[in-house]
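Listed below, chain by chain, are the residues.
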Amino acid sequence: MRMIFVNLPVVDITVATDFYTALGFTRNPNFSDETASCMVVSEHIHVMLLTHEKFRGFINGDISDARTSKEVLNCLSAGSRAEVDDFKARALGAGGGEWRPNLEMGPMYGCSFQDPDGHVWEIMYMDMGAAA
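Please read all numbers here as calculations on a predicted model, not as lab measurements.

Parameters and conventions
Residues numbered from 1 in each chain as written. Predicted model: local features only at pLDDT ≥ 70, side-chain atom pairs only at ≥ 80, totals over all residues. Heavy atoms only, no water. Helix = DSSP H or I, 4+ residues; strand = E, 2+ residues; numbered from the N terminus. Expected span 1.5 Å × (residues − 1). Buried < 20%, exposed > 50% of the residue type's maximum accessible area, 1.4 Å probe, protein only. Arc of directions from axis to C-beta. Contact = heavy atoms within 4.5 Å. Polar contact = N/O pair within 3.5 Å; in protein donor to acceptor, adjacent residues only side chain to side chain.

K.L.:
Tell me about helix α3 (residues 81-93), residues and numbers included.
P.N.:
A rise of 1.5 Å per residue sets the reference length of α3, with its 13 residues, at 18 Å; its end C-alpha atoms lie 18 Å apart and thus fit the reference within 8%. Buried within α3 are the following residues: Val84, Phe87, Lys88 and Ala91. Looking down the long axis of α3, one finds its buried residues gathered within 95 degrees of arc, a one-sided arrangement. Among the exposed residues of α3, those oriented more than 90 degrees off its buried face are Ala82 and Gly93. On the buried face of α3, the contacting elements are α1 (13-22), β5 (74-78), β6 (97-98), β8 (108-114) and β9 (120-126). At the exit of α3 stands Gly95, carrying a positive phi of roughly 105 degrees.

K.L.:
Kindly report on the side chain of His119, identifying the contributing residues and their values.
P.N.:
Here His119 shows up in the loop between β8 and β9. Polar side-chain contacts of His119 include one of 2.9 Å to the backbone oxygen of Pro9. When neighbours within four sequence positions are excluded, His119 is seen to be in contact with Leu8, Pro9, Ala66, Phe113 and Gln114.

Now the structure itself:
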């Protein structure tokens, strides 16, 4: 099984870490320091929050301003509609922002929000019984 590490540049590592902790992610201290927080979503999914200086060490070119343009939409699955709604409530309560209205499209129900740095996250529930 492969793992995925989503690397995100953040302005304030403490604010970003607190936000993702409020979403229920846990910080792995083995891969974290004053320039990075490794936030564990699941055994195979991690979000690396990196200061701009640290992030620049891994890229060519400029860091995008996630508040004004989008390069990627990060989407996680949910086990129910209630989990979608709960996740969005936690995100907004922790300093995240509205991004788009909730989506209801046949068997798919989801929400989207921005983290404090403008990175977009979606949470989607797929009713597989209704999809068949």
